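Chains, contacts and geometry: an overview
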Amino acid sequence: MAKTKPPKTQPVHIEPIQRDPNTCFVLFSSTFFTADNVYVGLQSLATQLQRIERDRNVKRMEYLAAERKLIVEFEDQLNV
C-alpha cells in the first residue's frame, strides 16, 4: 500500500508586535544572575538606547523580578 502524504497545514499569520517608541526593555534569561548574562542583557539594552535621542527624559525605570525584565520608559516625545 502506498503511503499518502499528510495534508499541508495552512500557514499561521502572526501579527508583529507594535514597538512602543517610548519604551526599552530587556528580558534576562536566567533566574540566577551571572556576570555573563547580566552583561548580555545590558548590552542589549545599550543597543536599544543608542537608537534613542540622548536628551529624552526618563519617565520610569523598573525591574520586574517575577518576569526578569528591566524596563526603561521615556516621556512622550510630543511633550518634550
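These numbers were taken from a predicted model, which means no experiment stands behind them.

**Notes on the overall build of the protein**
Along the protein, the regular secondary structure elements total 1 helix and 3 strands. Beginning at the N terminus, the succession of helices and strands in the protein can be written as β-α-β-β. For a compact globule of 80 residues, the expected C-alpha radius of gyration is about 12 Å, and the protein comes in at 20 Å, more than 25% above that figure. Looking at the 80 residues of the protein, the share that counts as buried comes to 21%. Once local pairs closer than 6 in sequence are excluded, the contacts in the protein between residues at least 24 apart make up 51%. Here the protein displays about 7,300 Å² of accessible surface, and carbon together with sulfur accounts for 57% of that area. The averaged location of the 10 negative side-chain charges in the protein is 14 Å from the averaged location of its 11 positive side-chain charges.

**Quick word on helix H1 (residues 35-50)**
A rise of 1.5 Å per residue sets the reference length of H1, with its 16 residues, at 22 Å; its end C-alpha atoms lie 22 Å apart and thus fit the reference within 8%. Looking at the buried residues of H1, the elements they touch are strand E1 (23-27) and strand E3 (69-74).

**Points about the side chain of Asn22**
Within the secondary structure, Asn22 sits in the segment before E1. Here Asn22 falls in the buried class, since its relative accessible area comes to 15%. Side-chain polar atoms of Asn22 contact the side chain of Arg56, separated by 2.5 Å. Each residue touching Asn22, except ones within four places of it in the same chain, is listed here: Arg56, Val72, Glu73, Phe74, Glu75, Asp76 and Gln77.

**Here we look at the packing of aromatic side chains**
By the definition in use, this model includes 3 aromatic pairs. For the pair Phe28 and Tyr63, a centre-to-centre distance of 6.2 Å together with 65° between the ring planes defines the contact as edge-to-face. One end of the pair, Phe28, is in the loop between E1 and H1; the other, Tyr63, is in strand E2 (residues 58-64), with 35 residues separating them in the sequence. Look at Tyr63 and you get partly exposed, because its relative accessible area is 35%. Sitting over the face of the ring of Phe25, Lys69 holds its NZ or CZ atom 4.5 Å from the ring centroid.

**Quick word on the pairing of E2**
Pairing analysis gives 6 bridges linking E2 to E3, with the strands arranged antiparallel. Looking at the pairing, Tyr63 lines up with Leu70 of E3.

**Comments concerning the nonpolar core**
With 8 residues, the main nonpolar core is built from Cys24, Val26, Phe28, Leu45, Ile52, Leu70, Val72 and Phe74. Counting residues per element, the ones that place at least two in this core are E1 and E3. Here this core takes 3 residues from E3, the largest share from any one element. Aside from chain neighbours lying at most four places away, what touches Val26 is Gly41, Ser44, Leu45, Arg68, Lys69 and Leu70.

The rules behind the values
- Residues numbered from 1 in each chain as written.
- Predicted model: local features only at pLDDT ≥ 70, side-chain atom pairs only at ≥ 80, totals over all residues.
- Heavy atoms only, no water.
- Helix = DSSP H or I, 4+ residues; strand = E, 2+ residues; numbered from the N terminus.
- Rg over C-alpha atoms; globule rule 2.2 N^0.38 Å.
- Buried < 20%, exposed > 50% of the residue type's maximum accessible area, 1.4 Å probe, protein only.
- Contact = heavy atoms within 4.5 Å.
- Areas by Shrake-Rupley, 256 points an atom, 1.4 Å probe, with all protein chains shown as cover.
- Lys, Arg positive; Asp, Glu negative; His and termini not counted.
- Charge placed at Lys NZ, Arg CZ, Asp CG, Glu CD.
- Expected span 1.5 Å × (residues − 1).
- Polar contact = N/O pair within 3.5 Å; in protein donor to acceptor, adjacent residues only side chain to side chain.
- Phe/Tyr/Trp six-rings, centres within 6.5 Å; stacked < 30°, edge-to-face > 60°.
- Lys NZ or Arg CZ within 6 Å of the ring centre and 35° of its normal.
- Pairing = 2+ DSSP bridges.
- Core = buried A, V, L, I, M, F, W, Y, C linked by side-chain atoms within 4.5 Å.

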